[in-house]
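Chain residues, written in single-letter form:
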Amino acid sequence: MDFFFSCLLFSASLVSIGFCRFSTGPPSPVALVPAAPAAPAANLPNPILFVEDLPDQVNEMMLSMLFSQFPGFKEVRLVPGKAGIAFVEFESEMQSGVAMGGLQGFKITPTNLMKITYARR
């Protein structure tokens, strides 16, 4: 009697799941369905932060005063015609990360909590 060992391995991002079985017959073909795409990964660290959920009345001076308390601050850029978002630049990735950690979820108004991510490159 012949024994067969067959395994299926599914891998998505950092998670791998495997299924193995023993059988007395040859392995049967299995139709694999492609997995749904994983959620987009967070942007890679870089010196520029993307700030969202800002109130309409925010200006460059307000954001500069807020972010300039962190070492390495260079400048704030609001996006013309796009209310509620801004880019904040630092000298290094490490400095922008410290600022992001310090101001993530900061209540710029009672109803606006800033959302900060690394800008896309």
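It should be emphasised that the depicted structure is a prediction, and the values quoted were computed from it without experimental measurement.

Draft legend 1. Looking closely at the overall build of the chain. Secondary structure summary: the chain contains two helices and eight strands in total. Element order for the chain, N to C, with α for helix and β for strand: β-β-β-α-β-β-α-β-β-β. When burial is assessed residue by residue, the chain has 26% of its 121 residues classed as buried. As displayed, the chain offers around 8700 Å² of accessible surface, 63% of which is attributable to carbon and sulfur atoms.

Draft legend 2. Highlighting the sheet that holds strand β3 (residues 48-52). Here we have four strands laid out as an open sheet, ordered β4-β5-β3-β8, and antiparallel in their pairing. Lying at the two open borders of the sheet, with one neighbouring strand each, are β4 (73-78) and β8 (115-118). Pairwise comparison of adjacent strand axes, ignoring direction, gives a mean angle of 25° for this sheet. When β4 meets strand β5 (residues 86-90), the two strands line up antiparallel, connected through five bridges. Considered in β5, the bridge of Val-76 is made with Val-88.

Draft legend 3. A look at unusual backbone geometry. The phi torsion at Asp-53 lies on the positive side, around 65°, for a residue other than glycine. Mapped onto the elements, Asp-53 comes out in the loop between β3 and α1 (60-67). Residue class for Asp-53 comes out partly exposed when judged on its relative accessible area of 43%.

Draft legend 4. Here's a closer look at the pattern of salt bridges. Applying the stated criterion to the full structure yields five salt bridges. Glu-89 is paired through a salt bridge with Lys-74; the nearest N and O atoms lie 3.5 Å apart. Here Glu-89, found in strand β5, pairs with Lys-74, found in strand β4; they are 15 residues apart in sequence, far enough to count as distant. Of the charged contacts in the structure, one is a salt bridge between Glu-75 and Arg-77, with a shortest N-O distance of 2.7 Å. On the basis of relative accessible area, Glu-75 is assigned to the partly exposed category, the value being 35%.

Draft legend 5. Representation of the pairing of β3 in the model. With four bridges joining them, β3 and β5 adopt antiparallel strand pairing. Considered in β5, the bridge of Val-51 is made with Ala-86. Across four bridges, β3 lies against β8 in antiparallel orientation. The residue of β8 that forms the bridge with Phe-50 is Thr-117.

Draft legend 6. Quick look at the environment of Tyr-118. Among the secondary structure elements, Tyr-118 is positioned in strand β8. Take Tyr-118: its relative accessible area is 16%, and that puts it in the buried class. Along the backbone, Tyr-118 and Ile-48 are 70 residues apart, and their C-alpha atoms lie at a distance of 6.2 Å.

Draft legend 7. Spatial organisation of the side chain of Asn-112. The topology assignment puts Asn-112 in strand β7 (residues 112-113). Of the polar contacts made by the side chain of Asn-112, one reaches the side chain of Thr-109; its length is 2.7 Å. Ignoring anything within four residues of it in the chain, the contact list for Asn-112 reads Asp-53, Leu-54, Pro-55, Phe-106 and Lys-107.

The rules we used
- Residues numbered from 1 in each chain as written.
- Predicted model: local features only at pLDDT ≥ 70, side-chain atom pairs only at ≥ 80, totals over all residues.
- Heavy atoms only, no water.
- Helix = DSSP H or I, 4+ residues; strand = E, 2+ residues; numbered from the N terminus.
- Buried < 20%, exposed > 50% of the residue type's maximum accessible area, 1.4 Å probe, protein only.
- Areas by Shrake-Rupley, 256 points an atom, 1.4 Å probe, with all protein chains shown as cover.
- Pairing = 2+ DSSP bridges.
- Axes fitted to C-alpha atoms, helices over the stretch in contact; angles between N-to-C directions.
- Salt bridge = Lys/Arg side-chain N within 4 Å of Asp/Glu carboxyl O.
- Polar contact = N/O pair within 3.5 Å; in protein donor to acceptor, adjacent residues only side chain to side chain.
- Contact = heavy atoms within 4.5 Å.

All we've got here are geometric facts, nothing functional implied.
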